[in-house]
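Structural characterization, general
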Amino acid sequence: MKVTVWNENQHEKTEPRVTELYPGGIHAYLAQMLQCDDIQCRTATLDEPECGLTEEVLNDTDVLIWWGHMAHARVPDEIVDRVQQHVLAGMGMVFLHSGHHSKIFRRLMGTTGNLKWRENAKERIWTTCPNHPITKGIPETFTLDAEEVYGEPFGIPEPQETIFISWFDGGEVFRSGCTWTRGNGRIFYFQPGHETNPTFHNPYVQQIIKNGVHWVCPVEKNLPLTCPRVTALEPISSPCK
C-alpha cells in the first residue's frame, strides 16, 4: 500500500511547540508512524511545487492523508480538482482534525464543514461501531487529556457510518469519526489532532489512523470515469415502442 501524508507545514515554521512534539513536522511524524512492511509512505507539503501532489504522485498513491489548518485557501483549485478526480477514481482519503475546512473536504462533501470550536479540554471518545474495521483494537471509550474542542452542529452530509462520537469537558458532543464513499473512493474523517497537543502520540489514535488507512485503501484505483453509450448484452425480446 502506498500512502502520501499531506501537511500544509505552516505551524511548524512559527510555533516551536509543534516541532517539539513532531520533529520534522506532523507529516514526517505520521509517515514514520505508519511505515511498516505493508505500507510505504511519502510526504507532501503546501510549499512544494504543485503542493507536492503532482499527477505522478497521485497516480502512485493508494491513500492520501490530509492535515491542514491555517492555509486552506492557499491550495490552488486545480490541485483540488486533481485530488477529487483521483478520489472518484478510487484513491482513499483520510482527513485529520481541521481538514474538515479544507477545500478538498468541502468539495467532496458538498457542504460547509462548519462546526463549533473552543480551546483545549478533556475529550472522551466513544466507539459506536465496535465491529467496524476502523475500530479494531479500540476500547469502548478512551480519553485525551487535552484536545481542541469541536462541537455540533457539524456541517457535513449524513455519514455513511458514524463510528466515533466525542464528549468534551464543558458539554459539547461531536461526530468525531465518520465515513463516506464518493465515486469509487472511500473517505474517513477523524477529529483529534490539534497541532500543539501530543494527540498523535496516543496509541489508540495511532491505531485508528492505521485502521482508517487500511479501510479506505482501494482494491483497485485509477478506474475510468466515463459515461459511455452501450449496446444491449443480449437480444431484446420485446422492444419498447
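Described below are features of the structure shown in this document. Computed from a predicted model, the values in this text were never measured in an experiment.

Moving on, we get to the side chain of N197. Position of N197 among the secondary structure elements: in the loop between strand 9 (185-190) and helix 7 (203-216). By relative accessible area, which is 4% here, N197 ends up buried. Within the structure, the side chain of N197 is placed 3.5 Å from the backbone oxygen of A146, a separation counted as a polar contact. In contact with N197, not counting residues within four places along its chain, are L21, Y22, N120, A146, E147 and E148.

Attention now goes to a nonpolar patch on the surface. Taken together, the side chains of W126, I165, W167 and V173 define a hydrophobic patch exposed on the protein surface, amounting to about 330 Å² of accessible area. The topology assignment puts W126 in strand 5 (residues 116-127). For W126, a relative accessible area of 36% corresponds to the partly exposed category.

Within the secondary structure, Q10 sits in the loop between strand 1 (2-7) and helix 1 (11-14). With relative accessibility at 10%, the residue Q10 sits in the buried group. Within polar-contact distance, the side chain of Q10 engages the backbone oxygen of E8 at 2.8 Å. In this structure Q10 touches L46, D47, M70, A71 and R74, once residues within four positions along its chain are discounted.

With that settled, the discussion passes to the sheet that holds strand 4 (residues 92-96). One open sheet accounts for nine strands, arranged 2-1-3-4-9-8-7-5-6; its pairing is mixed. Here the strands that pair on one side only, and so sit at the sheet edges, are strand 2 (40-45) and strand 6 (141-151). Across the sheet, the axes of successive neighbouring strands diverge by a mean angle of 25 degrees, strand direction being ignored. Examined bridge by bridge, strand 4 and strand 9 share four bridges and lie parallel to one another. Residue pairing for strand 9: L96 is matched across the bridge by F190. In the packing of helix 3 (residues 26-34) onto the sheet, contacts are made with strand 1, strand 2, strand 3 (63-67) and strand 4, and the angle to strand 1 comes to roughly 160 degrees. In this fold helix 7 packs onto strand 1, strand 3, strand 4, strand 6, strand 7 (161-168), strand 8 (173-182) and strand 9, with an angle of close to 165 degrees to the strand it touches most, strand 9.

In this chain, E152 is followed by P153 through a cis amide linkage whose omega measures 5 degrees. Relative to the elements of secondary structure, P153 occurs in the loop between strand 6 and strand 7. Residue N9 is not a glycine yet carries a positive backbone phi of 60 degrees. Relative to the helices and strands, N9 resides in the loop between strand 1 and helix 1.

Analysis parameters
- Residues numbered from 1 in each chain as written.
- Predicted model: local features only at pLDDT ≥ 70, side-chain atom pairs only at ≥ 80, totals over all residues.
- Heavy atoms only, no water.
- Helix = DSSP H or I, 4+ residues; strand = E, 2+ residues; numbered from the N terminus.
- Buried < 20%, exposed > 50% of the residue type's maximum accessible area, 1.4 Å probe, protein only.
- Polar contact = N/O pair within 3.5 Å; in protein donor to acceptor, adjacent residues only side chain to side chain.
- Contact = heavy atoms within 4.5 Å.
- Patch = residues over 30% accessible without salt bridge, like charges linked within 9 Å, V, L, I, M, F, W, Y side chains within 5 Å.
- Areas by Shrake-Rupley, 256 points an atom, 1.4 Å probe, with all protein chains shown as cover.
- Salt bridge = Lys/Arg side-chain N within 4 Å of Asp/Glu carboxyl O.
- Pairing = 2+ DSSP bridges.
- Axes fitted to C-alpha atoms, helices over the stretch in contact; angles between N-to-C directions.

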